[in-house]
Amino acid sequence: MASNFAEDAELSQIINKLWELDDNKCFPDVDYEIDLQGSVYSTRDVSEDHAKNSLFKWVNEDKVFSRPTYKAFRALLDNYEMELGQEEVVTREELKENQDFLNAILATKVMKEAHKYLVSKRVAPEDKQQFKAMLNDIWFKMFKRQASRGADSCSFEHVFVGEGRDTEMIGLHNWIQFYLQEKAGNINYNGHFRKETVKDDSVIRLLAVQFTWKGIKAKPFCSVFIGSSPEFEVAAYTICLLLDRDGKADIKIGEYEVELTVHSFGRQRKLGTAYIAAARMETYAKKRNW
């Protein structure tokens, strides 16, 4: 069958370069182990559980969270109310944690290359402090996502932490947060969607799953990288946002044909959502802002 995949070659090139530069990614059987269990075939029914156990069997926390970017990333995850409509109160300590995270990722090869690329495209300042301020504005500046008395969301919260609305969980496209929420007993993993692009992967790097959060809010479709570093994900989504790749872009990461989806929030330079999914899985999540 002929493929409808139309690759964005330029975007593929830079994302692949960042992926190859990322010497901070984690590996199965060394840093973590997952248990896929049963397959999910529909986003319409989240009541059927195809997985008796958790997705993550274990994560070597001492090793993983001793790394500067992972340690700084983890410190941010408890800074937010995971309910839309609740105004966020940002403390001085949390502001410092934001800066600590930005300092950590900006010291990596991945973010240095991303910065260099964005400067070459004339969409980011060459000055490192100005670029850091830009990243802070994109990822951590609060805004109103839902009717509330004040700002209740930011790009970082939606993409990496996750947010609850009505009976549904949105965002939460990060394997570290998924693991920590599972460990805390908040996530019940229902199973994974069958892979369509790469068969019998020796290392699974991209996974679409279904789960419920605190037994109330459902996540019918959730696509996450597995083992990727925080700096890689921030770099990839920042590049798409600043290049105005609003919507989805077809790219290749290694053997994976994927759709990297970025939606800006209104006219602001903020992320309404950002995630990556195997190309033929995207139909599950279309127009749902998952």
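So, how was this worked out
Residues numbered from 1 in each chain as written. Predicted model: local features only at pLDDT ≥ 70, side-chain atom pairs only at ≥ 80, totals over all residues. Heavy atoms only, no water. Salt bridge = Lys/Arg side-chain N within 4 Å of Asp/Glu carboxyl O. Helix = DSSP H or I, 4+ residues; strand = E, 2+ residues; numbered from the N terminus. Buried < 20%, exposed > 50% of the residue type's maximum accessible area, 1.4 Å probe, protein only. Lys, Arg positive; Asp, Glu negative; His and termini not counted. Polar contact = N/O pair within 3.5 Å; in protein donor to acceptor, adjacent residues only side chain to side chain. Core = buried A, V, L, I, M, F, W, Y, C linked by side-chain atoms within 4.5 Å. Contact = heavy atoms within 4.5 Å. Phe/Tyr/Trp six-rings, centres within 6.5 Å; stacked < 30°, edge-to-face > 60°. Expected span 1.5 Å × (residues − 1).

As recorded in an unreviewed UniProt entry, the protein goes by the name Uridylate-specific endoribonuclease, listed as coming from Biomphalaria pfeifferi.

## Side note on the pattern of salt bridges
Inspection of the entire model under this criterion finds twelve salt bridges. Glu10 serves as the salt-bridge partner of Lys121, at 2.6 Å between the closest nitrogen and oxygen. Taken together, the residues Lys121 in the loop between α5 (109-120) and α6 (128-140) and Glu10 in helix α1 (residues 9-21) connect sequence positions 111 residues apart. Its relative accessible area of 33% is what places Lys121 among the partly exposed residues. Close ionic contact of Asp23 with Lys109 constitutes a salt bridge, the shortest N to O distance being 3.3 Å. In this pair, Asp23 sits in the loop between α1 and β1 (32-34) while Lys109 sits in helix α5, placing the two residues 86 residues apart along the sequence. Residue class for Asp23 comes out exposed when judged on its relative accessible area of 59%. Connected through salt bridges with shared partners, the residues Asp31, Lys63 and Arg67 form a single ionic network.

## Some remarks on the side chain of Glu97
Secondary-structure assignment places Glu97 in helix α4 (residues 92-106). Of the side chains with opposite charge, Lys96 comes closest to the buried, unpaired Glu97, at an N-O distance of 7.9 Å. Of the polar contacts made by the side chain of Glu97, one reaches the side chain of Asn79; its length is 2.9 Å.

## Comments concerning the nonpolar core
Counting 82 residues, the largest nonpolar core has Phe56, Trp139, Phe156 and Tyr237 as its most contacted members. It is helix α9 (residues 230-242) that provides the largest number of residues to this core, a total of nine residues. Leave out the neighbours within four places in its chain, and Phe156 touches Phe73, Leu76, Leu77, Tyr80, Phe101, Trp139, Phe140 and Val161. Counting residues in hydrophobic clusters, the runner-up holds five residues, among them Val40, Phe193, Ala208 and Phe221.

## Here we look at the packing of aromatic side chains
Inspection of the entire model under this criterion finds 21 aromatic pairs. An angle of 80 degrees between the planes, with centres 5.4 Å apart, marks the rings of Phe73 and Phe160 as edge-to-face. In this pair, Phe73 sits in helix α3 (residues 68-76) while Phe160 sits in helix α7 (residues 155-161), placing the two residues 87 residues apart along the sequence. You can call Phe160 buried: its relative accessible area is 0%. Judged by centre distance (6.4 Å) and plane angle (90 degrees), the ring pair of Phe101 and Phe140 falls under edge-to-face. Of this pair, Phe101 sits in helix α4 while Phe140 sits in helix α6, and the two are 39 residues apart along the sequence. For Phe140, a relative accessible area of 7% puts it in the buried group. Members of the aromatic cluster, joined through ring pairs, are Tyr32, Phe56, Trp175, Phe178, Tyr179, Tyr189 and Phe211.

## Section: the side chain of Thr212
Relative to the elements of secondary structure, Thr212 occurs in strand β7 (residues 206-213). Judged by its relative accessible area of 14%, Thr212 falls in the buried class. Not counting residues up to four positions away in its chain, the partners in contact with Thr212 are Val46, Asn186, Ile187, Asn188, Asn190, Lys217 and Ala218.

## What about α9?
For α9, which comprises 13 residues, the first-to-last C-alpha distance of 18 Å matches the rise-based estimate of 18 Å (1.5 Å per residue) to within 8%. The positive-phi residue at the C-terminal boundary of α9 is Asp244, with phi of around 60 degrees.

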